Structures are given as C-alpha cells and as structure tokens.
Amino acid sequence: PMGFLSWQRFRCITDCDAYPDDCISEALYKRQADAMVAGGFAAAGYRTVNVDDCWSTRKRDAATDEMVADPVRFPSGIKGLCDYLHAKGLECGLYSDIGTMSCGGYPGLEGHFELDARTFAAWGIDSLKVDGCYADAKDYPRVYPQFSRVLNATGRAITYACSWPAYTGPSANFTLIAEHCNVWRAYGDIDDDFDAVRNIAAWWDAHQDVLRADTGPGAWADADMIIAGDFALSPAEARTQMALWAVYASPLLVSADFAALPDYARTVLLNKEVIAVSQDALGRQGGRVFRNATAAAAVKR
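Residues numbered from 1 in each chain as written. Predicted model: local features only at pLDDT ≥ 70, side-chain atom pairs only at ≥ 80, totals over all residues. Heavy atoms only, no water.

K.L.:
Account for the packing of aromatic side chains, with residues named and values stated.
P.N.:
According to the stated counting rule, one finds 18 aromatic pairs in the structure shown. Ring centres of Y140 and Y167 lie 6.1 Å apart, and the angle between their planes is 75 degrees; this geometry places the pair in the edge-to-face category. Here the residue Y140 occupies a position in helix α6 (residues 140–153), and Y167 occupies one in helix α7 (residues 164–168), the gap between them amounting to 27 residues. Its relative accessible area of 1% is what places Y140 among the buried residues. Among the aromatic residues, those joined into a ring-pair cluster are F4, F10, Y29, F41, Y46, F74 and F258. Over the ring of Y84 we find K30; its NZ or CZ atom is 4.8 Å from the centre of that ring. (Phe/Tyr/Trp six-rings, centres within 6.5 Å; stacked < 30°, edge-to-face > 60°. Helix = DSSP H or I, 4+ residues; strand = E, 2+ residues; numbered from the N terminus. Buried < 20%, exposed > 50% of the residue type's maximum accessible area, 1.4 Å probe, protein only. Lys NZ or Arg CZ within 6 Å of the ring centre and 35° of its normal.)

K.L.:
Which residues make up helix α11 (residues 235–248), and what values do they have?
P.N.:
Between its first and last C-alpha, α11 extends 20 Å over 14 residues, near the 20 Å set by a 1.5 Å rise per residue. If you check which residues of α11 are buried, you get A238, Q241, M242, W245, A246, V247 and Y248. Where the residues of α11 are buried, they touch α9 (194–206), β8 (252–254), α12 (263–269), α13 (272–278), β9 (287–291) and β10 (296–299). At the exit of α11 stands A249, carrying a positive phi of roughly 55 degrees. (Expected span 1.5 Å × (residues − 1). Contact = heavy atoms within 4.5 Å.)

K.L.:
Could you give an account of the packing of helix α2 (residues 26–38) against helix α4 (residues 77–87), naming the residues involved and the relevant values?
P.N.:
Following both chains from N to C, one finds α2 and α4 inclined at 10 degrees, their axes separated by 10 Å at the closest point. What the angle tells us is that α2 and α4 run roughly parallel. Residue-level inspection shows E26, Y29, K30, A33 and D34 of α2 in contact with α4, the latter providing G77, L81, Y84 and L85. Tallied by class, the residues present in the contact of α2 with α4 amount to five nonpolar, one polar and three charged. (Axes fitted to C-alpha atoms, helices over the stretch in contact; angles between N-to-C directions. Parallel < 35°, antiparallel > 145°, perpendicular 65-115°, else oblique. Nonpolar A, V, L, I, M, F, W, Y, C, P; charged D, E, K, R; others polar.)

K.L.:
Give a detailed account of the pairing of strand β3 (residues 91–97), specifying residues and quantitative values.
P.N.:
Most of β3 sits out of view: six of its seven residues are buried. Looking at chain direction, strand β2 (residues 48–50) and β3 are connected through three bridges and run parallel. If you follow V49 over to β3, its bridge partner there is C92. Crossover β2 to β3 through α4 is right-handed. The sheet contact formed by β3 and strand β4 (residues 127–131) spans five bridges and is parallel. Bridging across to β4, L94 finds its partner in L128. Crossover connection from β3 via helix α5 (residues 113–123) to parallel β4: handedness right-handed. (Pairing = 2+ DSSP bridges. Right-handed = clockwise from strand over helix to strand, strands pointing away.)

K.L.:
Account for the pattern of salt bridges, naming residues and giving values.
P.N.:
In this structure the tally under the stated criterion is 19 salt bridges. Ionic pairing is found between R9 and D230, a salt bridge with its closest N-O pair at 3.9 Å. On the criterion of sequence distance, the pair formed by R9 in helix α1 (residues 7–10) and D230 in the loop between β7 (220–222) and α11 is long-range, its members being 221 residues apart. A residue is classified by how much of its surface remains accessible, and D230, at 9% relative accessible area, is buried. Among the salt bridges present, the one from R212 reaches D209, with a minimum N-O distance of 3.2 Å. (Salt bridge = Lys/Arg side-chain N within 4 Å of Asp/Glu carboxyl O.)

K.L.:
Go over the packing of α9 against α11 with me, naming the residues and quoting the values.
P.N.:
Their axes nearest at 11 Å, the elements α9 and α11 cross at an angle of 25 degrees. Relative to α11, the element α9 is oriented roughly parallel. Considering only the axes of α9 and α11, their crossing is left-handed. Of α11, the residues touching α9 (which contributes F194, V197, I200, A201, W204 and D205) are E237, T240, Q241, L244, W245 and Y248. Along the lines of polarity and charge, the residues of the contact of α9 with α11 split into eight nonpolar, two polar and two charged. (Left-handed = near helix turned anticlockwise from the far one by under 90°.)

Below, the structure is given as structure tokens:
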C-alpha cells in the first residue's frame, strides 16, 4: 500500500479555530488528496488517503449506536469524504481500535464489531487501520481474527491493517496474523527524527527472519510511516528511510503535508526505481545481508 497517513504529522489536533490548516478534518484530507493528484503522487502509486485517530465524536449516536464523524470537522461525514476521494481515483482509509476506546479516547470497536463493519462498508472505506489500545493483548489472537471475519462478511474489499504485534513484539504468532491481516505494525510508533528511523531499522534487522517468513502479496509487515517532507530529516536521511522501507516491502504511507512538500521530498517520494523495488510483484520482504563497522548492505529478491 502507498498513500497518506495523517498521524505523525497532524496527530490528534482537533482545534480547527486555532489550527485551521493542521486539524483533523475533512478539509485536511481533501487538501492532501488534491495535492496528491495535482503533484503526480497518485499517478506514482500513492492512492490511499488514510484518516487516523480523532475523527469521530466522543460518543456513539444515541439512537443507532453507530460511530459518527465529528459534524463540525467532517460536515460531509466519512461517506462524503470517501465519495470525494473515489471521484479523484483515490482510496479512502479510516482508523479504529479493537478495544473499548481508541488511543485518543474515541469510541472503539469492542462490543460493536458487526455494526461498525457494516457502517464502514456502507461509507465506502477501502482500508481500515485497527489499533490496539484499551484492549487486553492476551485477547488479540481471538479478537483481531474475529473482526477480520466480520469485515470480510460485509462483502466489501477492505485492506485490514492490524496493530497487533506492535503491542506484543516479535513473539507474536505472525502466521496467524498474516492469515487474518493484510498489514501489521510490528514495532512502536515512528517520531519525526532520524533516531526513530535508525531504531526501527535496527529492530527490523534484528528480527528480519521472523518478520519476513509470512510476508508476501496481501500480507505486509509495516515499519510505520514515511516522514520525508516533515520537519526533521535531511535529504540524505529521507533517502535512507525511503530506500530501507522499499527493501522491507513496508507500506509507503507518507505522514507529511503533500500540499507543502519541499523539493527534496518530492524527489525522494517520486523516485521510480525505489518505488519499483517497493512494489515488485513478488512482494517479498528483503533484509540486511552484510554489516561491518562502517557499512551495511540490504537485498530484496
């Protein structure tokens, strides 16, 4: 998968009066979509616009028990936003949580699997990120597959992105995860600095054998967001992250403002050769094959 994911750059900013350009809102995602199409990113493969946490009201609808998009920040609702994205040839991604609440304190899926799956499908979402807050990690092997089955029962093709092993670590049952999830976060959140990129890469290298054993088309381990074009990385650091994530066959989900990308970030994100490595048909995760005190080499076959 390739596209935009709002979390690292825009977090859970909900005050649109104080931060009109940065708040989690319909306007933000439409702006990203417009820039992705106009800037040639959609044509290069960046096709999914992913809404992350904090999009809903704090409570479910009193009459229907459905999740509801914040009516001030999302006046057209999630369906209206998805319709807008589909009209541009893009896909619509959404966020939820397997527990009682999202990490930001918004309604979670627990106790409402069938209702929420039907609602999301009716809204026309194409991708769903399901976080793991406010749930017992011991229940993940039961509840994540259960929701996968419920999601499939809607009849709509929805990419299912699970945060399951990000909370449980490399001891997770990746074979079971790959059976039920299309994408799985395997480590902690990325921050906007190169140390975070380095830490993820070091963890990936240390666990590459267990991570790649179950990867392939339709099943990808996710090293977290691409942060080229955000605030902290130098051009060389951005190139390094992009190259490593391509070798890892990790989703290329950019968390930066597509409408205000610096030139270096455009060049990095639109590199055809690197995108080709990332999106090769075999879909196999690559990894490090050599390292000494001053250099390392990685291969993707």
